[in-house]
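# Results of the structural survey
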Amino acid sequence: MNHLFIRNLWSDGLPITPPTEEAVNEMLQGTDIPRDEKIGTILPRGGVATVEALAVLMEMAGGRPEYMPVFIAAVEALVDPDLQHKRMNTTTCSVYPVVVVN
């Protein structure tokens with residue numbers, strides 16, 4: 001999986017954990033929000049961020065179930081209309097928010 005993702009430029013080169021159904025279900029144990037609940041739309045492509053989609057991403061990145069509430073909160077903040085994250089894609093500079101949790 002890692003070689004496929006790197007070869008197709010779908011990865012930054014960091015290791016990827018396959019998001020099996022069992023692993024994603026375990027990741028979803030970190031939240032009581034329904035897996036099909038929409039958190040928001042990620043622009044500019046318009047991808048829908050559901051709790052399940054976030055669990056898949058968290059699994060692929062090697063996260064743990066207890067990280068899910070923080071990850072969901074970060075995505076909710078990103079898609080907040082007041083942030084207007086679509087405008088971050090219309091500048092000549094490289095800008096995007098970063099979340100650091102300690």
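Everything discussed here concerns the structure shown above.
Quick summary incoming for the structure in this document. (Residues numbered from 1 in each chain as written. Predicted model: local features only at pLDDT ≥ 70, side-chain atom pairs only at ≥ 80, totals over all residues. Heavy atoms only, no water.)

Here we take up the nonpolar core. Ranked by size, the top nonpolar core spans 13 residues in total, and within it I39, V51, L54, A55, M68, I72 and V75 carry the most contacts. At the level of elements, α2 (21-27), α3 (51-60) and α4 (68-78) are the ones that each hand at least two residues to this core. The biggest single contributor to this core is α3, with 4 residues. If sequence neighbours within four positions are ignored, V51 has contacts with L28, T31, I33, P34, R35, E37, I39, M68 and I72. (Core = buried A, V, L, I, M, F, W, Y, C linked by side-chain atoms within 4.5 Å. Buried < 20%, exposed > 50% of the residue type's maximum accessible area, 1.4 Å probe, protein only. Helix = DSSP H or I, 4+ residues; strand = E, 2+ residues; numbered from the N terminus. Contact = heavy atoms within 4.5 Å.)

Side chains of V70, V99 and V101 sit close together on the surface and give an oily, nonpolar patch of about 270 Å² of accessible area. Within the secondary structure layout, V99 lies in the segment after α4. (Patch = residues over 30% accessible without salt bridge, like charges linked within 9 Å, V, L, I, M, F, W, Y side chains within 5 Å. Areas by Shrake-Rupley, 256 points an atom, 1.4 Å probe, with all protein chains shown as cover. Salt bridge = Lys/Arg side-chain N within 4 Å of Asp/Glu carboxyl O.)

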